[in-house]
Every structure is written in C-alpha cells, then in structure tokens.
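So you can see what is in the structure, the chains are spelled out below.
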Amino acid sequence: RKKEEKAMLESNKILITEEDGTETEMEILFTFDDDSRSKSYVLFTDPKDEEGEVLACSYTDEGEMEPVEDPEEWSMIEEVFGAFVEELDDAEVEE
C-alpha cells in the first residue's frame, strides 16, 4: 500500500492519508532511530486488520512519512522487529 507522505503522530496513534484522501488511524507498535542512516522509523499496524500486518516507514522531524524502498533497509527493520517480538515473548513468559 502506497501512502501519501503525511501523517499525524498522537500518543500511540498515527493517521495515514492514502493517495485517494482516505484516512486510516493506525496503532504505533514502536519507533526507533538508525544512526548509521540518520533516519527514524515507525512500525505500525491497522487495528481493524485481522491479519495484523505490520507496516513500516521512515519519518522526518516534521512528521512526514517516507516509504522504505531499499532492501537493505527492510532487512535491518525486520531484524529490529524480530528483536522487539522476542522481547515481548520473553516478557510474557516472565509474567
């Protein structure tokens, strides 16, 4: 899904505006910075999506979202997400 490069960050919600003007409120899973690329990333999901697909974009200090198109960048994001999921699993086991 291609998204327009505008978004509004509020607490743990993000408003995605599609190219056709449709707005969808997403839930932010987490954000992180990659100093080697000088970029910030947000991983989010549509709470209405039953499959729970996780989406990712980089974003600027102004809150503008940019699609991730570089395969190396995707690989790095997948590694960070994998570590995030492992931490969640570990936390649930400890409870």
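You'll find the structure just up there.
All figures in this text were calculated on a predicted structure; none of them were measured in a lab.

Visitor: Got a minute to help me understand the pattern of salt bridges in this structure?
Guide: Opposite charge on two side chains allows them to pair when their charged atoms are near. Enumeration according to the criterion identifies three salt bridges in this entry. Notably, a salt bridge pairs Asp 34 with Arg 37, separated by 2.9 Å at the nearest N-O pair. The class for Asp 34 is buried, based on a relative accessible area of 10%. In this structure, Glu 73 engages Lys 39 in a salt bridge whose closest nitrogen and oxygen atoms are separated by 3.1 Å. Here the residue Glu 73 occupies a position in helix α1 (residues 71-94), and Lys 39 occupies one in strand β4 (residues 39-45), the gap between them amounting to 34 residues.

Visitor: Can you help me understand the environment of Asp 70 in this one?
Guide: Topologically, Asp 70 is positioned in the loop between β6 (65-67) and α1. Looking at Asp 70, its side chain comes within polar contact range of the main-chain nitrogen of Glu 72, at 3.0 Å.

Visitor: Help me out: how do you make sense of a negative patch on the surface in this one?
Guide: A contiguous patch of negative charge, built from Glu 86, Glu 87, Asp 89, Asp 90, Glu 92 and Glu 94, is present on the exposed surface. Looking at the secondary structure, you find Asp 90 in helix α1.

Visitor: Would you mind going over the packing of aromatic side chains with me for this structure?
Guide: Given two aromatic rings, their pairing is described by the distance between the two centres and the angle made by the two planes. Following the criterion strictly, the structure yields four aromatic pairs and no others. Through a chain of ring-to-ring contacts, the aromatic side chains of Phe 30, Phe 32, Tyr 41, Phe 81 and Phe 84 assemble into a single cluster.

Visitor: Is there a simple way to think about α1 in this case?
Guide: For α1, spanning 24 residues, the distance from its first C-alpha to its last is 35 Å, which sits close to the expected 34 Å at 1.5 Å a residue. Of the residues making up α1, those classed as buried are Glu 73, Met 76 and Ile 77. In the core, the buried residues of α1 are packed alongside β3 (23-34), β4 and β5 (54-59). By the N-cap criterion, in which a side-chain oxygen at the helix start approaches the backbone nitrogen of a residue two or three places on, α1 is capped by Asp 70, the distance to Glu 72 being 3.0 Å.

Conventions we followed
- Residues numbered from 1 in each chain as written.
- Predicted model: local features only at pLDDT ≥ 70, side-chain atom pairs only at ≥ 80, totals over all residues.
- Heavy atoms only, no water.
- Salt bridge = Lys/Arg side-chain N within 4 Å of Asp/Glu carboxyl O.
- Buried < 20%, exposed > 50% of the residue type's maximum accessible area, 1.4 Å probe, protein only.
- Helix = DSSP H or I, 4+ residues; strand = E, 2+ residues; numbered from the N terminus.
- Polar contact = N/O pair within 3.5 Å; in protein donor to acceptor, adjacent residues only side chain to side chain.
- Patch = residues over 30% accessible without salt bridge, like charges linked within 9 Å, V, L, I, M, F, W, Y side chains within 5 Å.
- Areas by Shrake-Rupley, 256 points an atom, 1.4 Å probe, with all protein chains shown as cover.
- Lys, Arg positive; Asp, Glu negative; His and termini not counted.
- Charge placed at Lys NZ, Arg CZ, Asp CG, Glu CD.
- Phe/Tyr/Trp six-rings, centres within 6.5 Å; stacked < 30°, edge-to-face > 60°.
- Expected span 1.5 Å × (residues − 1).
- Contact = heavy atoms within 4.5 Å.

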